[in-house]
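What follows is each chain in one-letter form.
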Amino acid sequence: MQPSKTYPFFRRMILKKKRGILFLFLLSLFWRIGAFIKNRLYDFNVLKAEKVGPTVVSIGSIVAGGTGKTPLILHLLSEIKKRSAVLSRGYLSKSEKKNVLAASGSGPLFSASQIGDEPFLISKKIPNAFVFVGKDRILSAKKAESEKLDLLILDDGFQHRRLHRDIDIVTINAYDLFGQGHFLPRGFLRDSPKRLKSADLIVVNSFQKEVIPLIRKYSASPIVGVQKIITHFEKLDGKVVSPPKKLGLFCGIANPEDFKSMVEEMGVNVVSTHFFE
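Residues numbered from 1 in each chain as written. Predicted model: local features only at pLDDT ≥ 70, side-chain atom pairs only at ≥ 80, totals over all residues. Heavy atoms only, no water.

Draft legend 1. Summary view of the overall build of the chain. Of regular secondary structure, the chain possesses eight helices and twelve strands. Taken along the three principal axes of its C-alpha coordinates, the chain extends 60 × 50 × 35 Å. For the chain, the proportion of its 277 residues judged to be buried stands at 44%. Sequence separation of 24 or more characterises 67% of the internal contacts of the chain that already satisfy a separation of 6 or more. (Helix = DSSP H or I, 4+ residues; strand = E, 2+ residues; numbered from the N terminus. Buried < 20%, exposed > 50% of the residue type's maximum accessible area, 1.4 Å probe, protein only. Contact = heavy atoms within 4.5 Å.)

Draft legend 2. Fine view of the pattern of salt bridges. As enumerated under the stated definition, the model contains nine salt bridges in all. A salt bridge links Asp 166 to Lys 51; its shortest N-O distance comes to 3.4 Å. Here Asp 166, found in the loop between strand E5 (151-155) and strand E6 (167-173), pairs with Lys 51, found in the loop between helix H2 (21-43) and strand E1 (55-60); they are 115 residues apart in sequence, far enough to count as distant. Asp 166 gets classed as partly exposed once you look at its relative accessible area, which sits at 34%. For Lys 51, a relative accessible area of 53% corresponds to the exposed category. Among the ionic pairs, Asp 168 bridges to Arg 165, the shortest N-O distance being 2.9 Å. Of the residues examined, Asp 168 reaches a relative accessible area of 8% and is grouped as buried. Via salt bridges that share partners, Arg 40, Asp 43 and Arg 161 belong to a single interconnected network. (Salt bridge = Lys/Arg side-chain N within 4 Å of Asp/Glu carboxyl O.)

Draft legend 3. Expanded view of the packing of helix H3 (residues 69-79) against helix H5 (residues 117-125). It is at 10 Å that the axes of H3 and H5 come closest, and there the two elements cross at 25°. In terms of their interaxial angle, H3 and H5 are classed as roughly parallel. As for the relative orientation of H3 and H5, their crossing is right-handed in sense. Contacts from Thr 70, Ile 73, Leu 74 and Leu 77 in H3 reach Glu 118, Leu 121, Ile 122 and Lys 125 in H5. (Axes fitted to C-alpha atoms, helices over the stretch in contact; angles between N-to-C directions. Parallel < 35°, antiparallel > 145°, perpendicular 65-115°, else oblique. Left-handed = near helix turned anticlockwise from the far one by under 90°.)

Draft legend 4. Summary view of the nonpolar core. In this structure, Ile 62, Ile 172, Leu 196, Ile 202 and Ile 215 are the most contacted members of the largest nonpolar core, which totals 21 residues. Those elements that provide at least two residues to this core are H2, E6 and strand E7 (201-205). Residues contacting Ile 62, with those up to four places away along its chain left out, are Phe 158, Gln 159, Val 170, Leu 177, Phe 178, Phe 188, Leu 189, Arg 190, Asp 191, Ser 192, Pro 193 and Leu 196. Core analysis: the next-biggest nonpolar cluster, separate from the first, contains 20 residues, Val 57, Ile 59, Val 133 and Leu 151 among them. (Core = buried A, V, L, I, M, F, W, Y, C linked by side-chain atoms within 4.5 Å.)

Draft legend 5. A look at the packing of aromatic side chains. Under the counting rule described, the total for this entry stands at one aromatic pair. Judged by centre distance (5.2 Å) and plane angle (70°), the ring pair of Phe 178 and Tyr 218 falls under edge-to-face. Of this pair, Phe 178 sits in the loop between E6 and E7 while Tyr 218 sits in the loop between helix H7 (212-216) and strand E8 (223-226), placing them 40 residues apart in sequence. A relative accessible area of 16% places Phe 178 in the buried class. A relative accessible area of 32% places Tyr 218 in the partly exposed class. (Phe/Tyr/Trp six-rings, centres within 6.5 Å; stacked < 30°, edge-to-face > 60°.)

Draft legend 6. Region of interest: H5. Within H5, burial applies to Pro 119, Ile 122 and Ser 123. The buried residues of H5 occupy an angular sector of 90° when the element is viewed end-on, so they sit on one face. Among the exposed residues of H5, those pointing more than 90 degrees away from its buried face are Asp 117, Lys 124 and Lys 125. (Arc of directions from axis to C-beta.)

Draft legend 7. Here's a closer look at the pairing of E7. The buried count for E7 comes to four of five residues, which makes it a mostly enclosed element. Two strands pair when backbone bridges link them, and E6 and E7 are joined in this way by five bridges, in the parallel orientation. Within E7, the residue paired with Val 170 across the bridge is Ile 202. Two elements, E7 and E8, share four bridges in a ladder whose sense is parallel. When the bridges of E8 are listed, Ile 202 appears paired with Ile 223. (Pairing = 2+ DSSP bridges.)

Draft legend 8. Fine view of the sheet that holds E7. Spatially, the eight strands line up as an open sheet ordered E3-E4-E2-E5-E1-E6-E7-E8, and their pairing is mixed. Looking at strand neighbours, the two that pair on one side only are strand E3 (100-104) and E8, the edges of this open sheet. When strand polarity is set aside, the average angle formed by the axes of neighbouring strands in this sheet is 20°. Set on the sheet, H3 makes contact with E1, strand E2 (84-88), E5, E6 and E7; between it and E1 the angle comes to about 150°.

This is the structure:
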């Protein structure tokens, strides 16, 4: 399951606790029931995941947006020496329904508007990686297999159980471990916290040791804590500059307030913001 185009609207309602929360709660019951039934069908082998030749590592979350999946994928790709590919849905991109080869080891083959921001960023930052974009991740995996690739990273794959994975890594944001405690669209949960027990590794972004007991209620899986840091400021031409005293901030990430806080912690006065949701 994926959040809909109305996700930003629901996000504002949830965080600001506006009227209509009861209606959202009723809608969230359908999401919760649907997720429960799907998982049970796979758990009891009524539905079976399809296996491909290369090793498959899933990077996913139980919460919609803002848990640090893309930075983790970039880190893994930069460290792994095997011939690797990322299987991305390219959500809401022009290629989502086409299943295209978006990068073949020499940078992006399409613009961000064609394949989506995240696949474009990955193929730009890790130019030697293959990137496949499309809703049908089974088809993408088979295309990757035909390229004789050794490792497939399934982007946002925790709910995509059609494809067998060898390793399941789940990312969580310490500031909102369980998506406001409700399923979409009342909260941000896409899966029950109970499914954390099936994770091979849990990566906690903005880690605080206080969250460990809360996670341990649901899972005994290994936990790794990470922190976001700003390493430097640079101009559009790539020239590194000192942190400015004032700046206007814009971004297109799921939790823009975290980004704003990081910048302000460096002593920068954020005088204006423009957040794309």
